[in-house]
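Per-entry structural report
Here are the chains, one letter per residue:
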Amino acid sequence: MLVDSHCHLDYFNKPGEQAQIVARAVEAGVGEMVTIGVTLKQSQEILAIAEQFENVWACVGVHPNHAADVLPVVEPEVLAKLAEHPKVIGIGESGLDYFYDSAPKDVQEQNFRSNIRAARLAGIPICIHARDADSDIARILREERAGGYFNFLLHCFSSTRQLAEEAMELGGYFSFSGILTFPKGETVREVAALVPEDRILVETDSPYLAPTPYRGKRNEPAYTAHTAAKLAEVRGLSVAALADLTTRNFRSLFKKAAR
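All of the points below concern the structure found in this document. (Residues numbered from 1 in each chain as written. Predicted model: local features only at pLDDT ≥ 70, side-chain atom pairs only at ≥ 80, totals over all residues. Heavy atoms only, no water.)

With the rule as written, the count across this model stands at zero disulfides. The thiol sulfur of C7 is not disulfide-bonded, and the nearest other cysteine sulfur, from C59, lies at 9.9 Å. Overall, the relative accessible area of 0% leaves C59 in the buried class. (Disulfide = S-S within 2.5 Å. Buried < 20%, exposed > 50% of the residue type's maximum accessible area, 1.4 Å probe, protein only.)

Given below as structure tokens:
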């Protein structure tokens, strides 16, 4: 069984569509999935999806592109309170995004630190979005770790090898998406080959970043299987062994999802 560790099921919002998406995922061997929050309001709303489907979990948090939507930034205690829900297994996605630069960098940093502290308060990991901000991501992770332990996942890894090495030193986890299958995904494949085997997960980030052979189309959790097959090739494993490994790692990181 595979787990799609990062998707956005609320973006599939036609009547009955979510049930169809979940059913297709299960048919493709993707037995569980995690639907992710990007704003406080949306994080509250996705809990209904997690409640509806036994095999769907949730993360709650504020994405860097939405960090300035409501100011001051969401307090850690607010997210930690929301994380008391039994289906909430992580905080996020949060982090830094200097590519779109939708919010001032200082506000993004405040928001990121608040989400990290929520993860620490709740005792669950944070799912990190990192785009064109590797040095600041690494700096903030180091500084916040000095204030107390928290675990983290670099989701949809597409950053530099330097950030990967810093994250490895801190014991972080790595999730690989359809980017792994792209012709220009060589750097991502190099990182996927070198990170510790007990730190790798797979995801779709659907409806975005559909893997080959669906590139350019709408992504969905069922397509996790294609990314997993590529990751198995990169790691020199059978598909079955890769599925077993990444599912064990998922449960090791997201302890609330242990069955």
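Before going further, it helps to examine the layout of surface pockets. Volume-wise, the largest pocket comes out at about 800 Å³. Of all the secondary-structure elements, those providing two or more residues to the lining of the largest pocket are β4 (88–97), β5 (126–131) and α8 (186–194). Take the lining of the largest pocket: its biggest share by element is three residues, from β5. (1 Å grid on protein atoms, 1.4 Å probe; cavity = no way out; pocket = protein on both sides within 12 Å on 5 of 7 lines; lining within 4 Å. Points joined across faces, edges and corners; volume = space filled by probe spheres on them. Helix = DSSP H or I, 4+ residues; strand = E, 2+ residues; numbered from the N terminus.)

To continue, consider the nonpolar core. In terms of nonpolar packing, the biggest core is built from 64 residues, with L9, I91, F112, I126, I137 and F176 touching the most fellow members. Setting aside residues no more than four positions away along its own chain, I137 makes contact with G95, L96, F112, I128, H129, A130 and L163. In terms of nonpolar packing, the next biggest core, distinct from the first, is built from 13 residues, V34, L153, L253 and A257 among them. (Core = buried A, V, L, I, M, F, W, Y, C linked by side-chain atoms within 4.5 Å. Contact = heavy atoms within 4.5 Å.)

We now examine the sheet that holds strand β8 (residues 200–202). If you trace the eight strands from one edge of the open sheet to the other, you get β1-β2-β3-β4-β5-β6-β7-β8, paired in parallel fashion. A single partner strand is all that each edge strand has here, and the edge strands are β1 (2–7) and β8. Across the sheet, the mean angle separating the axes of adjacent strands is 30 degrees when strand polarity is ignored. As paired elements, strand β6 (residues 152–154) and strand β7 (residues 173–176) share two bridges and run parallel to each other. Across the sheet, the residue bridging to L154 is F174, located in β7. (Pairing = 2+ DSSP bridges. Axes fitted to C-alpha atoms, helices over the stretch in contact; angles between N-to-C directions.)

Below, the discussion takes up the pattern of salt bridges. Per the counting criterion, the structure on display carries 19 salt bridges. Here E17 ties to R218 by a salt bridge, and the two come within 2.6 Å at their closest N and O atoms. Linking E17 in helix α1 (residues 17–27) with R218 in the loop between β8 and α9 (224–235), this pair joins segments that are 201 residues apart in sequence. For E17, a relative accessible area of 8% translates into the label buried. Residue R218 is classed as partly exposed on the basis of its relative accessible area, which comes to 39%. Measuring nitrogen to oxygen at the nearest pair gives 4.0 Å for the salt bridge that ties D198 to R199. Classification of R199 by relative accessible area gives partly exposed; the value is 21%. Taken together, the shared-partner salt bridges in this structure form one network comprising E109, R113, R117, R120, D136, R139, E143 and E144. (Salt bridge = Lys/Arg side-chain N within 4 Å of Asp/Glu carboxyl O.)

Any link to function would need more than the numbers given here.
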